[in-house]
Amino acid sequence: GNSVTQMEGPVTLSEEAFLTINCTYTATGYPSLFWYVQYPGEGLQLLLKATKADDKGSNKGFEATYRKETTSFHLEKGSVQVSDSAVYFCALSDLVDSSYKLIFGSGTRLLVRP
Amino acid sequence: DAGVIQSPRHEVTEMGQEVTLRCKPISGHNSLFWYRQTMMRGLELLIYFNNNVPIDDSGMPEDRFSAKMPNASFSTLKIQPSEPRDSAVYFCASSRGQGNNEQFFGPGTRLTVL
């Protein structure tokens, strides 16, 4: 079945460092891909998405490119801030019985130190 | 738009008691999802509905768990009888039910079973 694999955390960085969180997927067909972020004590919220190969999703300085050839959707940010500390989830859409659900990765905790 | 509304936000109960969690999806969304999040198991999809019909309940852990969606604006997740291992944060999410549309998460209900 379809699945998502993320790098394990926690990832600890200093402020202004470069961030990469790896995500690879296994899927039949052409799923849409998503990154969600969960701040402490809150629900998940969409950070960015890409719907087809070579699409780049971006938001709040974060970027991810849908790479079909490597089945990857790595999250990057050039300069992280303390406020980016959160758990990041990679996900893909999965069509089941004519309706969609999301398959989530296990999440990667990011801690940014001042 | 009020977003996805969940109640209660916190619930503390004793083992053996019945617990009912409530969710109001975003108006116009036709898919609704119930998730459970724990440190040990991460984010798990319990059940989801499309147009008020349960599509996939394979994530429901046991017969003690049941979910209903009597209309497009309301869903419940019931645990009867509750056990300490049910302690978790339960999230409800809704979407328009299309592959590239995001899921909007509620703030969650933190359940503690003593």
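What you see is a predicted model, and the numbers here were worked out from it, not measured in a lab.

### As for the sheet that holds strand β8 (residues 74–79) of chain B
Residues and elements named next belong to chain B. Taken in spatial order, the 4 strands make up an open sheet running β1-β3-β8-β7, and their pairing is antiparallel. Both edges of this open sheet fall to β1 (5–7) and β7 (65–71), since each of them pairs with a single strand only. Strand after strand, the sheet turns through a mean of 15° between neighbouring axes, direction not considered. Pairing analysis gives 5 bridges linking β7 to β8, with the strands arranged antiparallel. Following the sheet pairing, Ser66 is matched in β8 by Lys78.

### Comments concerning unusual backbone geometry
One can expect most non-glycine residues to show negative phi and most peptide bonds to be in trans. Cis geometry marks the peptide bond from Ser7 of chain B to Pro8 of chain B, where omega comes out at -10°. Assignment of secondary structure puts Pro8 of chain B in the loop between β1 and β2 (10–13). Note the cis peptide between Gln80 of chain B and Pro81 of chain B, where omega equals -10°. Among the structural elements, Pro81 of chain B can be located in the loop between β8 and β9 (88–95). The backbone of Glu16 of chain A shows a phi angle near 80°, a positive value even though the residue is not glycine. Mapping Glu16 of chain A onto the fold places it in the loop between β2 (11–14) and β3 (19–21). Taking the relative accessible area as the measure of exposure, Glu16 of chain A reaches 60% and is therefore exposed. A positive phi angle, near 55°, is found at Lys60 of chain A, a position not held by glycine. Relative to the assigned elements, Lys60 of chain A resides in the loop between β7 (56–59) and β8 (62–65).

Parameters and conventions
Residues numbered from 1 in each chain as written. Chains lettered and ligands numbered in written order. Predicted model: local features only at pLDDT ≥ 70, side-chain atom pairs only at ≥ 80, totals over all residues. Heavy atoms only, no water. Pairing = 2+ DSSP bridges. Helix = DSSP H or I, 4+ residues; strand = E, 2+ residues; numbered from the N terminus. Axes fitted to C-alpha atoms, helices over the stretch in contact; angles between N-to-C directions. Buried < 20%, exposed > 50% of the residue type's maximum accessible area, 1.4 Å probe, protein only.

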